[in-house]
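Structural features, examined
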Amino acid sequence: MKYSKLNLAKEAIAHKGFLKKIPDIFRMVNMWRKGTYPVKSIDLILPLVGLLYVISPIDIIPDFIVVAGVLDDLAVLSLAIPKLIREVDKFLLWEAEQKYSPGGTKIIDAEIV
């Protein structure tokens, strides 16, 4: 079975809820760039670099080495996507806190659905 990077990325992105959060990812990055959303740069940059690594044609282990070439991409995706989803969930909670808490009140306990 031959895997292309595009098919591999499609399978990894099929992660539950990932597609629904893509607009939120763009909004989070834009707000971070503008300085509105306070987050450590490394927490946002590392998952994005991981996704770019999988999409790019340049690899540490080339894809023509069938098993190892695919495994390095899967390893990067298995680390990048959950980290990115956690960051988006934190961003959505922060955004709701900013929207619904006028003044200095803060949301103490919330469940992410």
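Reference entry: report on the structure contained in this document.

Cut-offs used in this document
Residues numbered from 1 in each chain as written. Predicted model: local features only at pLDDT ≥ 70, side-chain atom pairs only at ≥ 80, totals over all residues. Heavy atoms only, no water. Phe/Tyr/Trp six-rings, centres within 6.5 Å; stacked < 30°, edge-to-face > 60°. Helix = DSSP H or I, 4+ residues; strand = E, 2+ residues; numbered from the N terminus. Buried < 20%, exposed > 50% of the residue type's maximum accessible area, 1.4 Å probe, protein only. Expected span 1.5 Å × (residues − 1). Salt bridge = Lys/Arg side-chain N within 4 Å of Asp/Glu carboxyl O. Axes fitted to C-alpha atoms, helices over the stretch in contact; angles between N-to-C directions. Parallel < 35°, antiparallel > 145°, perpendicular 65-115°, else oblique. Left-handed = near helix turned anticlockwise from the far one by under 90°. Contact = heavy atoms within 4.5 Å. Nonpolar A, V, L, I, M, F, W, Y, C, P; charged D, E, K, R; others polar.

1. Quick word on the packing of aromatic side chains
Scanning the model with the defined rule gives three aromatic pairs in all. With centroids separated by 5.0 Å and ring planes inclined at 80 degrees, the aromatic side chains of tyrosine 37 and phenylalanine 91 adopt a geometry described as edge-to-face. You can see tyrosine 37 sitting in the loop between helix 2 (22-34) and helix 3 (41-55) and its partner phenylalanine 91 sitting in helix 4 (residues 66-100), a full 54 residues away along the chain. Note on accessibility: tyrosine 37 and phenylalanine 91 belong to one class, buried.

2. Description of helix 3
Between its first and last C-alpha, helix 3 extends 21 Å over 15 residues, near the 21 Å set by a 1.5 Å rise per residue. Restricting attention to buried positions, one finds in helix 3 the residues Asp43, Leu44, Pro47, Gly50, Leu51, Tyr53 and Val54.

3. Examining the pattern of salt bridges
Under the definition given, this model contains six salt bridges. Across the salt bridge formed by aspartate 24 and arginine 27, the nearest N and O atoms sit 3.0 Å from each other. Taken together, the residues span about one helical turn, with aspartate 24 and arginine 27 both in helix 2 at a distance of three residues. Between lysine 90 and glutamate 87 there is a salt bridge, with the nearest N and O atoms lying 3.6 Å from each other. Of this pair, lysine 90 and glutamate 87 both sit in helix 4, three residues apart, roughly one helical turn. According to the relative accessible area criterion, lysine 90 is partly exposed, its value standing at 47%. Classification of glutamate 87 as buried rests on a relative accessible area of 1%. Residues joined in a network through salt bridges with shared partners are Asp43, Lys83, Glu87 and Lys90.

4. Here's the deal with the packing of helix 2 against helix 3
Contact pair helix 2 / helix 3: the axes reach a minimum separation of 12 Å and the direction vectors enclose 135 degrees. Between helix 2 and helix 3, the angle is such that the two are oblique. Our pair here, helix 2 against helix 3, has a crossing hand that is left-handed. Within the contact between the two elements, helix 2 uses Ile25, Met28, Val29 and Trp32 and helix 3 uses Ser41, Leu44, Ile45 and Leu48. Partitioned by chemical class, the residues of the contact of helix 2 with helix 3 number seven nonpolar, one polar and no charged.

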